[in-house]
Amino acid sequence: DGYKLILQTSPAVLTDVVRRGKVEASLQAGQGTGGRIDLSGLSFYPGESPEEGEVRLVSGFVEFNPSVDISLAIQGRSITEFEVTASGPAVFDLEVSADLPGAFDRSGVIDLVSLRRRMELQFDAVPLVVDIELDLKAKVAMEGRFFDDCAYSCVSSGLVLYGARYQDGQWADIDMTAFDHDCSDMACESYADGAVTVTIEPVIRVSFDGEENLSIRFSSSIEANSATGIPPEWRWALSAIRSASFVFNPGILGGGITRFEKSGGDITAELRYGPYRTDDFIFVLSWGGEGTEEENFLNPSGVTAGIDGSIYVSDKNCHSIKRFSPDGVFISSWGSFGAETGRMSFPAGIACGPDGDVYIADSGNHRIQRFSPDGAFVSQWGSYGNGPGQFADPQDVAFSPDGHIYVCDSFANMVQKFTAEGVFILGWGGQGNGEGLFNGPMGITCDGDGCVYVSECYNHRIQKFDSDGAYISGWGRSGSAEGLFDCPVDLAAGVDGRIYVVDYGNDRVQIFTAWGTPLSTLGFRGSGDGGFDGPYGIVFSADGDLFVTDAGNHRMQRFAPLAESE
C-alpha cells in the first residue's frame, strides 16, 4: 500500500534483559526401566595386522537410565552458578574374546551408552536450549603375555554420579561413581600371565544454543529472525520493507515495541531492548521506596561498599545505617536519632576502611563515628567548632590509598586529614572561590595516586589537591551543559582513572578524566530505571558495578559497566 517501515535497533545482550534468575531442570535418559543396550560384536581393540591380535565382545549388555539435572543461575551480566550431573544405577555384562600373539600391553575403549538429549529451559519467558551429550565408556586394559585364543568375562554394577559445578568463580568436578566388579581371570589356550583391568568412565558435555525469540514476517515473504546463544547475544538486521507484522517474546524484549505509529505516508516503529543503558553503563536493578521499613529509605545520602561486598547506605532522615547485599537484600541496620554513642543526626557520607570498619559523617552531631562491619560501635571523634579535629556539619569521609582519612567539613569550608584512629594531621581551605578555598564542600574522594578531589555545591566545581592539600587543578561552574554543575555532591574515583561526579541539581552523574575533561553522562531526571531525583551518594563495588543513592526517589540504583564490544 506504499507505506514503508523504519525500524531502529542495535545488538543486545540476553543477560541485559534477564537481570537475574535461576532455572533448574531434570530429564530421564536411557532406554527406560528394564531397558538394555546390546553390546554384542563391538571391538575393544581391532589389530591393524594379524600379528597385533584382536580383542572383541562376544556378547554383552548395559543397563543405564540416568537422571540428568541442570541448575543455571545468572546475575546481571554473569553466570554465578552452574551445575550439571548425571546419576543413576548402572549394570554391564561383558564376555570378551581375544586372539593374542604374545606380549600384549594395550587398552581399548567402547561406548556403553551414548545419549543425546535437548532441553528447552525458560528464564522468565526467555527461551534457552540446552544440548546434553552423555557417554558411558568401558575401558579394558590388558598387560602381560597371552597366547592364542583367550576368554574373559566381567559383570559390574554400581552407581554413576558424575558432573561439574561452577560457583564463586571456581570449577569443581563431581565424581562419586563407584562400581563392584565380578570378573574372571583371562584364560588362554596356550599361556596367560598378566592382568586385565576394567574401568568405567562417564563423560558429560553440555552446550547452550539459541531459540528464536523474535521473528518478523513481511508481505513479500521475507523473514528476519533473531536467536540467543552463549555468550547469550541477540543480533539481527533487516532492510526497509513495504509492510510488516511483528511477533516478539516479551521476556526478551521487555517493553517490546514502544511506539508504532503512522505519520503521513510513513510508518515508524521503534524497538527498544532491555533496561536503560549508556555507552558506559547499563541499569541492573534498584531497591527501596519511601518509608521507614527496613528495606525502604527516607532521603538516602551516603553509600559505601564493604570488603565483603555489602552495600552500606546512610538513611539520612531515618538517622540510621542500612546494610544490604549487592542485590538489595536487607541484611541489618543500626542507629536512631540522638547524640548518644551509636546514635546519629542526619548521617551523610560513609566510607569503609581497609579493615572493613565503617566510618560515618554524623553531620548533625558534628562528629565521625566508627563501627564494625556488623554495626558495633568502635570509636568517635569530633565536636562542634572550627579548630583542628572539630567540625561544623561534616558531609563526607574518604580513605586514601595509604589509610588516612579525609573529612569534608561543609559549614567550616575545610578539609581535614586524620589517621584511621582519628588523630588530626592537617587541614586546609577557608571560605571563598579562589584556588584552595571552598564554598559548601560536600563530597571528597581519593584516586589511586593519593590525589584528593573535593566537590563544592555553591561554587559548582571540583578541585583537585595532592595528599597534603596543595592545589593541583579545578574545573566546573554553574550550568546544565556538559561539564557544568548544579550543586555537585558526592564523587568517586574509578579504577579506570576517571572521576565520577554526582550532579545533584541536574539529576545526573557526570564522568570526567582526572584533569576535568568531560567524557559522558549517566542518568536523567525522572523516576524510571536510570532516572534520578536528587542523586546524592556514589560508590564502586569491587567488581566494578556503580551504586548511586537516589535521594528524592528514596531508593538505590545499581549499574554495571559495559565493555566496548557490548
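Scoring rules and cut-offs
- Residues numbered from 1 in each chain as written.
- Predicted model: local features only at pLDDT ≥ 70, side-chain atom pairs only at ≥ 80, totals over all residues.
- Heavy atoms only, no water.
- Helix = DSSP H or I, 4+ residues; strand = E, 2+ residues; numbered from the N terminus.
- Buried < 20%, exposed > 50% of the residue type's maximum accessible area, 1.4 Å probe, protein only.
- Pairing = 2+ DSSP bridges.
- Axes fitted to C-alpha atoms, helices over the stretch in contact; angles between N-to-C directions.
- Core = buried A, V, L, I, M, F, W, Y, C linked by side-chain atoms within 4.5 Å.
- Contact = heavy atoms within 4.5 Å.
- Polar contact = N/O pair within 3.5 Å; in protein donor to acceptor, adjacent residues only side chain to side chain.
- Salt bridge = Lys/Arg side-chain N within 4 Å of Asp/Glu carboxyl O.
- Phe/Tyr/Trp six-rings, centres within 6.5 Å; stacked < 30°, edge-to-face > 60°.
- Patch = residues over 30% accessible without salt bridge, like charges linked within 9 Å, V, L, I, M, F, W, Y side chains within 5 Å.
- Areas by Shrake-Rupley, 256 points an atom, 1.4 Å probe, with all protein chains shown as cover.
- Lys, Arg positive; Asp, Glu negative; His and termini not counted.
- Charge placed at Lys NZ, Arg CZ, Asp CG, Glu CD.
- Disulfide = S-S within 2.5 Å.
- pLDDT = per-residue confidence, 0-100.

Engineer: Before we go on, may I ask you to explain the overall build of the chain in this structure?
Structural biologist: Helix and strand counts for the chain stand at two helices and 46 strands. In the chain, which comprises 566 residues, the share counted as buried stands at 51%.

Engineer: Explanation requested: the sheet that holds strand E23 (residues 311-315) in the structure shown.
Structural biologist: Hydrogen bonds between backbone atoms are what pair the strands of a sheet, whose relative direction is either parallel or antiparallel. Strand order in the open sheet formed by four strands is E22-E23-E24-E25, with antiparallel pairing between adjacent strands. Of all strands in the sheet, those bounded by a partner on one side alone are strand E22 (300-305) and strand E25 (330-334). Shown here is a sheet whose adjacent strand axes are inclined to one another by a mean of 20°, direction ignored. Strand direction decides the pairing type here: E23 and strand E24 (residues 320-324), joined by five bridges, are antiparallel. Looking across to E24, one finds that Asp 315 is bridged to Ser 320.

Engineer: Would you mind going over the nonpolar core with me for this structure?
Structural biologist: Counting residues in each nonpolar core, the largest one holds 23 residues, and the members touching the most others are Leu 100, Met 142, Phe 146, Cys 150 and Met 186. Going through the elements one at a time, strand E6 (54-64), strand E8 (78-100) and strand E10 (126-167) are the ones with two or more residues in this core. Once residues within four sequence positions are removed from consideration, Cys 150 is found in contact with Val 96, Ser 97, Ala 98, Leu 100, Met 186, Ala 187 and Cys 188.

Engineer: Looking at this structure, how should I read the side chain of His 319?
Structural biologist: The topology assignment puts His 319 in the loop between E23 and E24. Side-chain polar atoms of His 319 contact the backbone nitrogen of Phe 346, separated by 3.1 Å. Contact partners of His 319, with chain neighbours within four places excluded, come to Gly 335, Ser 336, Phe 337, Met 344, Ser 345, Phe 346 and Pro 347.

Engineer: Hey, could you run me through the sheet that holds strand E45 (residues 546-550) in this one?
Structural biologist: With respect to topology, four strands assemble into an open sheet ordered E21-E46-E45-E44, the strand pairing being antiparallel. In this open sheet, the two edge strands, each paired with only one partner strand, are strand E21 (281-288) and strand E44 (535-540). On average, each strand axis in the sheet is inclined to that of its neighbour by 20°, with strand direction left out of account. Bridge analysis of E21 against strand E46 (residues 555-561) gives seven bridges, and the strand direction is antiparallel. Residue Gly 288 lies in a different strand from E46, and its bridge partner there is Arg 555.

Engineer: Could you clarify how one ought to interpret the pattern of salt bridges in this entry?
Structural biologist: This model, assessed by the stated rule, comprises 16 salt bridges. Between Asp 327 and Arg 558 there is a salt bridge, and its shortest N-O distance comes to 3.0 Å. With a gap of 231 residues between them, Asp 327 in the loop between E24 and E25 and Arg 558 in strand E46 connect regions that are remote in the sequence. On the basis of relative accessible area, Arg 558 is assigned to the buried category, the value being 5%. Note that Arg 525 is salt-bridged to Asp 507, the shortest N-O span being 2.3 Å.

Engineer: Is there a simple way to explain the packing of aromatic side chains in this structure?
Structural biologist: Two numbers describe a pair of aromatic rings. These are the distance of the centres and the angle of the planes. For the coordinates displayed, the defined rule picks out 24 aromatic pairs. With 5.5 Å between their ring centres and 50° between their planes, Trp 287 and Phe 324 make a pair best called tilted. One end of the pair, Trp 287, is in strand E21; the other, Phe 324, is in strand E24, and 37 residues separate them in sequence. In this structure Trp 287 comes out as buried when scored by relative accessible area, which is 8%. The exposure class of Phe 324 is buried, given its relative accessible area of 0%. Taking the centre distance of 4.8 Å and the plane angle of 75° together, the rings of Tyr 500 and Phe 540 count as edge-to-face.

Engineer: Is there a simple way to think about a negative patch on the surface in this case?
Structural biologist: Where like charges cluster on the molecular surface, the negative patch consists of Asp 99, Asp 148, Asp 149 and Glu 189. Within the secondary structure layout, Asp 149 lies in strand E10.

Engineer: Help me out: how do you make sense of the state of the cysteines in this one?
Structural biologist: Linking two cysteines covalently via their sulfur atoms produces the bond known as a disulfide. In the structure shown here, the tally under the stated rule is three disulfides. Between Cys 154 and Cys 183 runs a disulfide, and the two sulfur atoms are separated by 1.8 Å. With a gap of 29 residues between them, Cys 154 in strand E10 and Cys 183 in strand E12 (residues 178-183) connect regions that are remote in the sequence. Judged by its relative accessible area of 0%, Cys 154 is buried. Two residues, Cys 457 and Cys 487, share a disulfide whose sulfurs are 1.9 Å apart. Between Cys 457 and Cys 487, the S-S torsion sits near -110°, and that sign places the bridge as left-handed. Remark: Cys 487 occurs in the loop between strand E37 (471-475) and strand E38 (488-493) and Cys 457 occurs in the loop between strand E35 (452-456) and strand E36 (461-465); sequence separation between them is 30 residues.

Engineer: Sorry, what's going on with the environment of Thr 549 here?
Structural biologist: Position of Thr 549 among the secondary structure elements: in strand E45. Owing to a relative accessible area of 0%, Thr 549 belongs among the buried residues under this scheme. Once the C-alpha coordinates of Thr 549 and Pro 300 are considered, the two residues, 249 residues apart in sequence, prove to be 6.0 Å apart. Once residues within four sequence positions are removed from consideration, Thr 549 is found in contact with Pro 300, Ser 301, Gly 302, Val 303, Val 313, Gly 534, Pro 535, Tyr 536, Gly 537, Arg 555 and Met 556. Only 2.5 Å separates the side chain of Thr 549 from the backbone nitrogen of Gly 537, close enough to count as a polar contact.

Engineer: Sorry if this is basic, but what is going on with the confidence of the model for the chain here?
Structural biologist: For residues with low pLDDT, the predicted coordinates do not support detailed interpretation. Averaged over all residues, the pLDDT of the chain is 78; the fraction at 70 or higher stands at 71%. Below pLDDT 50 for its whole length, residues 210-273 participates in 155 contacts with residues either more than four positions away or in separate chains.

Engineer: What is the right way to look at the side chain of Ser 473 in this model?
Structural biologist: Tracing the backbone shows Ser 473 in strand E37. Those residues in contact with Ser 473 that sit more than four places away from it in its chain are Ile 462, Gln 463, Lys 464 and Trp 515.

Engineer: Help me understand the environment of His 460, please; the structure alone is not making it clear to me.
Structural biologist: For His 460, the location among the structural elements is in the loop between E35 and E36. Residue class for His 460 comes out buried when judged on its relative accessible area of 17%. Residues His 460 and Arg 477, 17 residues apart in the sequence, show an inter-C-alpha distance of 4.9 Å. Those residues in contact with His 460 that sit more than four places away from it in its chain are Gly 476, Arg 477, Ser 478, Phe 485, Asp 486, Cys 487 and Pro 488.

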